[in-house]
Amino acid sequence: MSGYLKNSVKTETPGVNSLSRRGFFGMAWKGLGILVGLETLGMITAYFFSGKNKNTGAPRQLLEAGPVDSFGLNSVSAFMGGRFYLARQQDGGFIALSLRCTHLGCSVSWEADKNRFICPCHSSAFDISGEVLNPPAARALSYYPVLIENGLVKVDIGTLKERTRSGKDQLSYAP
Ligand code: FES
């Protein structure tokens, strides 16, 4: 019995064994953390990077806004996470307008009752296509390209396009 205890004391050096056990679990947790991290990264990449931008060759960052039919004519939907308003024109065309005022960059708000965007900083106003209605802003709101695939509206939030004036060629239509 005393020999057994002696052996136990000899073979179980508390510091060494608990350290190696702790080290093992630490490594296991780290490995699990890396796996979860890689999986999450893969999911994010699959969600946002689904193709190439035709102009720059850079990966597109497509944000799925919703089915075409869920956006009424002459309507504006805010996507604050993507920093844009999705505006559907009276003729059915879509444009994703940047929130940033082209004067000094304050965030514009949509006033549905007045059918216009208004900037709280110096009162610039823009119509539903992003065209300037009231200075001091001199340029139309910038926009992100819209793609319509399989009845879904998608916005390329990685490609901000600046412009002087709004135009029909900047709108996207369902096929
Ligand atoms: S920042 Fe919008 S009007 Fe000046």
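Keep in mind that this is a model prediction, so the values were computed, not measured.

With that settled, consider the sheet that holds strand β4 (residues 84-88). Here four strands make up an open sheet; going across it, the order is β3-β4-β5-β10 and the pairing antiparallel. Unpaired on one side and paired on the other, β3 (75-79) and β10 (143-144) mark the two borders of the sheet. Where β4 lies against strand β5 (residues 94-98), five bridges are found, and the strand directions are antiparallel. Bridge pairing links A87 to I95 in β5.

So, on to the state of the cysteines. Here the structure, examined in full by the defined rule, presents one disulfide. Paired by a disulfide, C106 and C121 hold their sulfur atoms 1.9 Å apart. When the S-S torsion is -95°, as for the bridge of C106 with C121, the disulfide is left-handed. Of the two residues, C106 is situated in the loop between β5 and β6 (109-111) and C121 in the loop between β7 (116-118) and β8 (125-126); the sequence distance between them amounts to 15 residues. We classify C121 as partly exposed; its relative accessible area is 36%.

Glancing now at the side chain of T102. Within the element layout of this structure, T102 appears in the loop between β5 and β6. Here the side chain of T102 touches R139 through a polar contact of 2.5 Å, landing on its backbone oxygen. Dropping the residues within four chain positions of it, T102 is found in contact with F126, A137, R139, A140, L141 and S142.

With 67% of its residues at a pLDDT of 70 or more, the chain shows a mean pLDDT of 81. When the criterion is pLDDT under 50, residues 1-13 qualifies, and its contacts beyond four places in sequence or with other chains add up to two contacts. Note that pLDDT drops below 50 for residues 40-50; the model gives that stretch 13 contacts with residues more than four away or on any other chain.

Further remarks concern the pattern of salt bridges. Going through the model one piece at a time under the given rule, you end up with four salt bridges. Among the salt bridges present, the one from E111 reaches R116, with a minimum N-O distance of 2.9 Å. Owing to a relative accessible area of 21%, E111 belongs among the partly exposed residues under this scheme. A salt bridge links E149 to K154, with the shortest nitrogen-to-oxygen separation between them at 2.9 Å.

One pass over the full model with this rule turns up five aromatic pairs. On the basis of an interplanar angle of 15° and a centroid distance of 5.0 Å, the ring pair of F79 and F84 is categorised as stacked. An aromatic cluster is built from F79, F84 and Y144, whose rings are joined through pairwise contacts.

Parameters and conventions
- Residues numbered from 1 in each chain as written.
- Predicted model: local features only at pLDDT ≥ 70, side-chain atom pairs only at ≥ 80, totals over all residues.
- Heavy atoms only, no water.
- Pairing = 2+ DSSP bridges.
- Helix = DSSP H or I, 4+ residues; strand = E, 2+ residues; numbered from the N terminus.
- Disulfide = S-S within 2.5 Å.
- Buried < 20%, exposed > 50% of the residue type's maximum accessible area, 1.4 Å probe, protein only.
- Polar contact = N/O pair within 3.5 Å; in protein donor to acceptor, adjacent residues only side chain to side chain.
- Contact = heavy atoms within 4.5 Å.
- pLDDT = per-residue confidence, 0-100.
- Salt bridge = Lys/Arg side-chain N within 4 Å of Asp/Glu carboxyl O.
- Phe/Tyr/Trp six-rings, centres within 6.5 Å; stacked < 30°, edge-to-face > 60°.

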